[in-house]
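Observations on chain architecture
Each chain, letter by letter, is given below.
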Amino acid sequence: MKKMNIAQIQMPVADSKDATIEYIKSAIASAAEKADFAALPEMFCCPYHVDNFPKYAEEDRGRMWQACSALAKEYGIYLSAGTMPERGEDGKIYNTAYVFDREGRQIAKHRKMHLFDIDVKGEMQFKESDTLTAGNEVTVFDTEFGKFGICICYDFRFPELARLMALKGAQVIFVSAAFNMTTGPAHWELMFRSQAVNNQVYAIGTAPSRDENASYKSWGHSIITDPWGTVVSQMDEKEGICINEIDLDHVGSIREQLPLLKQRRTDIYKLVEL
């Protein structure tokens with residue numbers, strides 16, 4: 001099966017976990033009517049602020065993990081369950097993405113590798129490393145449709161990571177993200193188009209909707225770009241569900257016509273995963 005429907009759930013982030021679970025129940029129920037795969041945003045269950053990450057953190061297979069697993073199974077849908085703050089066995093806090101299959105089984109777990117520590121002069125300051133610890137793994141996973149990759153927001157700015165996922169066989173890369181009002185207008189679409197065309201993948205970026213009253217304002221604009229660099233779909237800043245079909249044969253066709261991955265000069269340079 002080469003074609004699949006992807007539902008991107010661009011949702012508001014609530015202070016209450018009860019409210020979040022009720023929201024995703026309704027959204028996933030609606031998405032599952034047409035979609036094979038649903039995607040949630042970065043920190044969909046935690047207001048995006050460094051002080052909140054420890055407060056909302058749960059241990060692996062905690063309440064939010066269980067809710068997402070149960071919903072994937074109930075509706076028979078793959079679920080890229082955004083990201084949630086995870087308290088590891090080491091006591092450290094991670095920004096963690098999970099993927100569940102149609103039976104609710106966890107088939108991928110990715111801890112954000114590149115922490116969002118930035119200082120755009122006169123615009124934006126943020127330092128995730130104040131409370132978060134970085135992960136260390138390149139994450140790909142298998143589905144009935146093929147092999148996919150997953151990373152988180154700032155991770156996707158680093159071309160080495162996307163290339164490593166492509167070299168591991170990923171044809172689609174899911175990115176739960178929360179770009180802001182400084183970086184979003186400047187780099188969001190540009191980044192997704194460039195990473196998609198350079199690695200000849202579908203790039204699926206899912207963000208929270210914008211809350212003008214929040215301390216961190218999401219750019220929104222959940223996006224899908226194809227391996228030719230074309231924008232398949234892009235939302236605005238408002239909450240909603242957007243469903244699109246992607247065709248994995250298109251990945252193979254582009255890679256055959258423009259064989260970038262095969263034509264790398266590995267006799268001169270190599271990208272090595274340590």
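Structure: see above.
Remember, predicted model here, so these are calculated numbers, not experimental data.

1. Side note on the pattern of salt bridges
Per the stated rule, a full pass over the model turns up 19 salt bridges. Here Arg 63 makes a salt bridge to Asp 18, at a shortest N to O gap of 2.3 Å. Here Arg 63, found in helix H3 (residues 63-75), pairs with Asp 18, found in helix H1 (residues 17-31); they are 45 residues apart in sequence, far enough to count as distant. When its relative accessible area of 41% is taken as the criterion, Arg 63 is described as partly exposed. Across the pair Glu 86 and Arg 111 runs a salt bridge whose closest N-O atoms are separated by 2.8 Å. Residue Glu 86 is located in strand S4 (residues 78-87), and its partner Arg 111 is located in strand S6 (residues 106-111); the two are separated by 25 residues in the primary sequence. Looking at Glu 86, the relative accessible area reads 2%, which means it is buried. Within the structure, one salt-bridge network assembled from shared partners comprises Asp 60, Glu 86, Lys 109 and Arg 111.

2. Examining the pairing of strand S10 (residues 147-152)
Along S10, 5 of the 6 residues are buried, which leaves the element largely enclosed by surrounding structure. From the end of strand S9 (residues 139-142) to the start of S10, which pair antiparallel, there are 4 residues, and Gly 146 there has a positive phi angle of about 145°. Note that S10 and strand S11 (residues 172-176) share 5 bridges and pair parallel. Following the sheet pairing, Ile 150 is matched in S11 by Phe 174. For the crossover that starts at S10, traverses helix H4 (residues 159-167) and ends in the parallel S11, the hand is right-handed.

3. Describing the pairing of S9
Alternating positions in S9 separate cleanly, Thr 139 and Phe 141 being buried on one face and Val 140 and Asp 142 remaining unburied on the opposite face. Strand direction decides the pairing type here: S9 and S10, joined by 4 bridges, are antiparallel. Residue pairing for S10: Val 140 is matched across the bridge by Gly 149.

4. Let's talk about H1
Its 15 residues place the ends of H1 21 Å apart at the C-alpha level, agreeing with the 21 Å of an ideal helix rising 1.5 Å per residue. Taken together, the buried positions of H1 are Lys 17, Thr 20, Ile 21, Ile 24, Ala 27, Ile 28 and Ala 31. Buried residues of H1 fall within an arc of 135° about the axis and therefore sit on the same side. Considering only its buried residues, H1 is in contact with strand S1 (3-10), helix H2 (52-56), strand S3 (58-59), H3, S4 and strand S15 (240-247). With a side-chain oxygen lying 3.2 Å from the backbone nitrogen of Asp 18, the N-terminal cap of H1 falls on Ser 16.

5. Considering the side chain of Glu 128
Tracing the backbone shows Glu 128 in the loop between strand S8 (124-127) and S9. Within the structure, the side chain of Glu 128 is placed 2.8 Å from the backbone nitrogen of Phe 116, a separation counted as a polar contact. Ignoring anything within four residues of it in the chain, the contact list for Glu 128 reads Glu 42, Tyr 48, Val 50, Phe 53, Asn 95, Lys 112, His 114, Leu 115, Phe 116 and Asp 117.

6. What about helix H6 (residues 248-257)?
Buried within H6 we find Leu 248, Val 251, Ile 254 and Arg 255. All buried residues of H6 fall inside an arc of 115° around its axis, so they share one side. Of the residues in H6, the exposed ones pointing more than 90 degrees away from the buried face are Glu 256 and Gln 257. Near the N-terminus of H6, the side chain that reaches the backbone nitrogen of Asp 249, with its oxygen 3.0 Å away, is that of Asp 247.

7. Observations regarding the layout of surface pockets
If you add up the space inside the largest pocket, you get close to 230 Å³. Along the wall of the largest pocket there are 19 residues; nearest its centre are Val 13, Pro 47, Tyr 48, Ala 214 and Tyr 216. A class-by-class count of the residues in the lining of the largest pocket yields 10 nonpolar, 5 polar and 4 charged. Computed from the structure, the second largest pocket encloses a volume of approximately 180 Å³. In this structure, the second largest pocket is lined by Met 113, His 114, Asn 136, Glu 137, Val 138, Glu 160, Leu 161, Leu 164, Val 272, Glu 273 and Leu 274. A per-class count over the lining of the second largest pocket returns 6 nonpolar, 2 polar and 3 charged.

8. Some remarks on unusual backbone geometry
Positive phi, close to 45°, is recorded for Met 43, a residue that is not glycine. The residue Met 43 is located in the loop between strand S2 (37-39) and H2 in this model. For His 221, which is not glycine, the phi torsion reads 55° and is therefore positive. Mapped onto the fold, His 221 is located in the loop between strand S12 (202-206) and strand S13 (223-225). The exposure class assigned to His 221 is buried, which follows from its relative accessible area of 15%.

Thresholds applied
Residues numbered from 1 in each chain as written. Predicted model: local features only at pLDDT ≥ 70, side-chain atom pairs only at ≥ 80, totals over all residues. Heavy atoms only, no water. Salt bridge = Lys/Arg side-chain N within 4 Å of Asp/Glu carboxyl O. Helix = DSSP H or I, 4+ residues; strand = E, 2+ residues; numbered from the N terminus. Buried < 20%, exposed > 50% of the residue type's maximum accessible area, 1.4 Å probe, protein only. Pairing = 2+ DSSP bridges. Right-handed = clockwise from strand over helix to strand, strands pointing away. Expected span 1.5 Å × (residues − 1). Arc of directions from axis to C-beta. Contact = heavy atoms within 4.5 Å. Polar contact = N/O pair within 3.5 Å; in protein donor to acceptor, adjacent residues only side chain to side chain. 1 Å grid on protein atoms, 1.4 Å probe; cavity = no way out; pocket = protein on both sides within 12 Å on 5 of 7 lines; lining within 4 Å. Points joined across faces, edges and corners; volume = space filled by probe spheres on them. Nonpolar A, V, L, I, M, F, W, Y, C, P; charged D, E, K, R; others polar.

The quantities given are spatial measurements derived from coordinates; they are silent on function.
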